[in-house]
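Residues per chain, in single letters:
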Amino acid sequence: MSFFKRLKDKLVGNPTEEEKVAEIIEEEAAEQKQDEATEPAQIEANVDENEKAEEVSVTEATSETEIPVASEDQGQQEQQEQQEEVQEVAIVEEPEKEKKPSAWSITQKFKAGLEKTRNSFTSKVNDLVARYRKVDEDFFEELEDLLLQADVGFETVMELMDKLRFEVQRKNIKDTSGIQTIISEKLVEIYEQGEEDLIELNMQPKGELTVILFVGVNGVGKTTTIGKLAHRLKSQGKTVVLAAGDTFRAGAIDQLQVWGDRVGCEVIKQSEGSDPAAVMYDAIRAAKNRNADVLICDTAGRLQNKVNLMNELEKVHRVISREVPNAPHEVLLALDATTGQNALVQAQTFKEATNVTGIVLTKLDGTAKGGIVLAIRNKLHIPVKFVGLGEKMDDLQPFDAERYVYGLFAEGLDKELQNSED
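The structure contained in this document is the topic of the report that follows. (Residues numbered from 1 in each chain as written. Predicted model: local features only at pLDDT ≥ 70, side-chain atom pairs only at ≥ 80, totals over all residues. Heavy atoms only, no water.)

Description of the pairing of strand β7 (residues 384-388)
Of all five residues in β7, five are buried, a share of seventy percent or more. Sheet topology places strand β6 (residues 358-362) next to β7; three bridges connect them, and they run parallel. When the sheet's bridge partners are listed, L361 is paired in β7 with V387. Viewed along the sheet, the connection from β6 through helix α14 (residues 372-380) into β7 turns out right-handed. (Buried < 20%, exposed > 50% of the residue type's maximum accessible area, 1.4 Å probe, protein only. Helix = DSSP H or I, 4+ residues; strand = E, 2+ residues; numbered from the N terminus. Pairing = 2+ DSSP bridges. Right-handed = clockwise from strand over helix to strand, strands pointing away.)

A look at the pattern of salt bridges
Scanning the model with the defined rule gives 17 salt bridges in all. Measuring nitrogen to oxygen at the nearest pair gives 3.7 Å for the salt bridge that ties D246 to R249. On the basis of relative accessibility, which here comes to 26%, the residue R249 falls in the partly exposed class. The salt bridge involving K385 is made with E330; its shortest N-O contact spans 2.8 Å. On the criterion of sequence distance, the pair formed by K385 in strand β7 and E330 in strand β5 (residues 330-336) is long-range, its members being 55 residues apart. (Salt bridge = Lys/Arg side-chain N within 4 Å of Asp/Glu carboxyl O.)

A word on the pairing of strand β1 (residues 210-215)
Taking burial as the measure, the six residues of β1 include six buried ones, the bulk of the element. Residues of β1 alternate between two faces, with T210, I212 and F214 on one and V211, L213 and V215 on the opposite face, all of them buried. Sheet analysis places β1 next to β5, joined by four bridges and oriented parallel. In the strand pairing of β5, F214 is matched with L332.

Interpretation in functional terms is not warranted from these geometric data alone.
Structure (structure tokens):
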């Protein structure tokens, strides 16, 4: 499927078969919930109607006054009120269908989250395309500089330039119209590298415990990300337990407890300064006893002494794998996107200390150097599984290469999409 076709499907929101089934199930559940809400009101209305009829009968038997007419009017008025209540119930229940974010709303999150990068980077690309009517070597050199300024990474930029030159030559492209589409397509190709389902978490079958280990330096938003991921998993119907394994940083345990209370997850903890491996042992036992689906483990993020960091993570990893075979099933590294190339240094260090299976890139909405996503993927060969696109609970989104690239080139791609349809 072409890049344009995939992008258009995601922008328009054409659902996959799996999404169609999910939507049908949601609609049926919403309808059933609405019926359950309206039935008691209708039954109550019928009961009230019968009671009013009995009262009218008693009144007619005892007196020939105008009371029956008044009762009839009163019954009609109360019946109308009951019908209005039923309509109000239906109106209240109707928004339940909108809880699941649409494909379009998710795409818009990427567009809004990458606004700073787009304003600084893509505006310059637009200026470049406007100044250069022809695709020549001068155009490529200036584009190369712009990509480097966006922290796409030297190796990634060189690979992209080679692909662009080859594509321009192969298609005999002379002018810059439509060049943003080719750049976008090649960026997606470089990121995906022929692999699929990079964002999927390695969740275990129902009835088995999935252990997710979070690593990362202090201050990158690791604890906040754990809370948002717990919220996401709970909204999918999973029982989640949190392990406060960062016993080194002052306030880390309390911060995780606040998030646990907020999302409704139990937090297994010990006192500050305790052995993190002991916390993990207790947390695994507690999660098993409570038949939890997922255990998310926080860890200390100090980098002052690399040897101590490695030893601690190795010990934690050893305890987890002893209690749960093949665990941890995911080791997610939290990186602050605003640190740019420094995030690559952190990623390299943690990759040496433990087997990192995925990146969670936080604060992507707060940086103009959103190209770091491509640099991390291309240099370290670790997939970015989630990105933080804002402060709200649902602003932690699974990474999507097409939506990410659209967020970078939104205005230009919108024009080219419209031109292709015309």
